[in-house]
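Spelled out from the first residue to the last, the chains are:
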Amino acid sequence: MVSVKKEFVQNMFSVEGKVALVTGATGALGKVLAKAYGYAGAKVMMTGRNAGKLQELQDEFAAEGIDSAYVTGDPAKVEDVQAIVAATVEKYGEINILAVCHGYNKPQNILDQSVEDWQYIMDADCKSVYIVLKYVAHQMVEQGKGGKIVVVTSQRSKRGMAGYTGYCTSKGGADLMVASMACDLSAKYGINVNSILPTVFRSELTEWMFDETSEVYKNFMKREPIGRLAEPEDFVGYALFLSSDASNFITGSACDCSGGYLVC
Ligand SMILES: NC(=O)c1ccc[n+]([C@@H]2O[C@H](COP(=O)([O-])OP(=O)(O)OC[C@H]3O[C@@H](n4cnc5c(N)ncnc54)[C@H](OP(=O)(O)O)[C@@H]3O)[C@@H](O)[C@H]2O)c1
């Protein structure tokens, strides 16, 4: 008898009934992933620092029957993150999925950049990931049911770039943090920790790169075998996969979703 179970295969991508906490939920990718978790039947707790934007999202989701709530906070501050975890547990009872979607960059040549500016990027993109993962992991361990953690880093975690000594370093650090946390958490507590590494996708900050006649776009196309830059929706499949039973054997991975950028 072939061992694979029909029920497992038919339900392995499901996140129905799970509680998903999404950081950076007001961002281009965060809002898409938050809504996607909602469409997939999860209860969604959104967080960010802008209450007005979070309220707008909650209203939009409610109109479509998505069960969501929000709590404001800065992911780089321990007391804020503790409050975010507490508010999620108070509202939904537990946290099963964490999607880390916040991020920041201010490109500057190292010769012009102040140490303070560099540190701000490191705090926003690396220290904050540590703090969020640490306190959510504590909660998941306490629940005793495992969990799924997905951190959005960047293909820039694997490649240097002019003006990116803060961004590349912090994203590379976050990937290695994910790998190390998988060693801490997976075998003993059943928590899968992975990162996804997108290429450039459409957001307020990157919209200008999508002009197909521009040199920037043409340069990207020399290194994008998939033939285009990304939309936030392109990462929904990977995020849901890494949040579901379909990815139970995957942990500590920096998952390439760069449209092939990283392989050519
Ligand atoms: N867009 C791209 O082309 C691209 C490519 C590869 C990787 N990424 C990464 O993918 C993730 C999502 O990117 P995105 O384009 O969706 O971002 P975005 O639209 O610029 O949104 C960024 C989000 O992070 C929060 N945020 C901004 N500055 C922050 C700070 N200093 N500290 C903490 N939170 C901050 C914002 O929320 P509040 O201001 O409400 O707190 C917002 O929700 C980021 O980690 C980014 O680095 C983006």
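Anything mentioned here points back to the structure above.
Remember, predicted model here, so these are calculated numbers, not experimental data.

Draft legend 1. Region of the structure containing the overall build of the chain. A tally of regular secondary structure across the chain gives eight helices and seven strands. With 264 residues in all, the chain has 44% of them scored as buried.

Draft legend 2. A look at the nonpolar core. By size, the foremost hydrophobic cluster in this structure holds 73 residues, and its most contacted members are Ala20, Val22, Leu33, Tyr37, Ala99 and Val136. Take this core: its biggest share by element is 11 residues, from helix α5 (residues 115-143). When sequence neighbours within four positions are dropped, the list of residues in contact with Tyr37 reads Val15, Ala20, Val22, Ala42 and Val44.

Draft legend 3. Main features of the site of the ligand. The environment of the ligand is made up of 28 residues, and the closest members are Gly27, Gly48, Arg49, Gly103 and Ser203. Counting residues per element, the shell around the ligand draws most heavily on helix α2 (residues 28-39), which supplies three residues.

Draft legend 4. Structural context of the packing of helix α4 (residues 78-92) against α5. Look at α4 against α5: their axes get within 9 Å of each other, and the N-to-C directions meet at 35°. Relative to α5, the crossing made by α4 is right-handed. Packed against α4, whose contacting residues are Val78, Val81, Gln82, Val85 and Val89, the element α5 presents Ile131, Val132, Tyr135, Val136 and Gln139 at the interface. Here the contact of α4 with α5 is built from residues that sort into eight nonpolar, two polar and no charged.

Draft legend 5. The sheet that holds strand β7 (residues 254-257), seen in detail. Within the open sheet, the seven strands sit side by side as β3-β2-β1-β4-β5-β6-β7. Their pairing is parallel. Unpaired on one side and paired on the other, β3 (68-72) and β7 mark the two borders of the sheet. Strand-to-strand twist of the sheet, defined as the mean angle between neighbouring strand axes without regard to direction, takes the value 20°. Bridge count for strand β2 (residues 43-48) against β3 is five bridges, and the pairing is parallel.

Draft legend 6. Region of the structure containing α4. The terminal C-alpha atoms of α4 lie 21 Å apart, and with 15 residues this matches the ideal 21 Å at 1.5 Å per residue to within 8%. By the burial criterion, the buried members of α4 are Asp80, Val81, Ile84, Val85, Thr88 and Tyr92. The buried residues of α4 occupy an angular sector of 140° when projected down its axis, which confines them to one face. In α4, those exposed residues whose orientation departs by more than 90 degrees from the buried face are Glu79 and Glu90. Close packing links the buried residues of α4 with β1 (19-23), β2, β3 and α5. With its phi angle positive at about 90°, Gly93 sits one or two positions after the end of α4.

Draft legend 7. Representation of the environment of Met177. By the secondary structure assignment, Met177 is in helix α6 (residues 167-189). Put simply, Met177 and Trp208 are 31 residues apart on the chain and 32 Å apart in space, counted from C-alpha to C-alpha. Among all residues touching Met177, those that are not within four sequence positions of it are Val129 and Tyr130.

Draft legend 8. Representation of the packing of α5 against α6 in the model. One can describe the packing of α5 onto α6 by two numbers: an axis separation of 8 Å at closest approach and a directional angle of 15°. Put simply, α5 runs roughly parallel to α6. Our pair here, α5 against α6, has a crossing hand that is right-handed. Taking contact as the criterion, the partners of Ile121, Met122, Asp125, Cys126, Val129, Tyr130, Leu133, Ala137, Met140 and Val141 in α5 are, on α6, Tyr167, Thr169, Ser170, Lys171, Gly173, Ala174, Met177, Met181, Leu185 and Tyr189.

Calculation criteria
Residues numbered from 1 in each chain as written. Predicted model: local features only at pLDDT ≥ 70, side-chain atom pairs only at ≥ 80, totals over all residues. Helix = DSSP H or I, 4+ residues; strand = E, 2+ residues; numbered from the N terminus. Buried ≥ 20, exposed ≤ 12 C-beta atoms within 10 Å, placed from the backbone. Core = buried A, V, L, I, M, F, W, Y, C linked by C-beta atoms within 7 Å. Contact = placed C-beta atoms within 7 Å. Near = placed C-beta within 6 Å. Axes fitted to C-alpha atoms, helices over the stretch in contact; angles between N-to-C directions. Left-handed = near helix turned anticlockwise from the far one by under 90°. Nonpolar A, V, L, I, M, F, W, Y, C, P; charged D, E, K, R; others polar. Pairing = 2+ DSSP bridges. Expected span 1.5 Å × (residues − 1). Arc of directions from axis to C-beta. Parallel < 35°, antiparallel > 145°, perpendicular 65-115°, else oblique.

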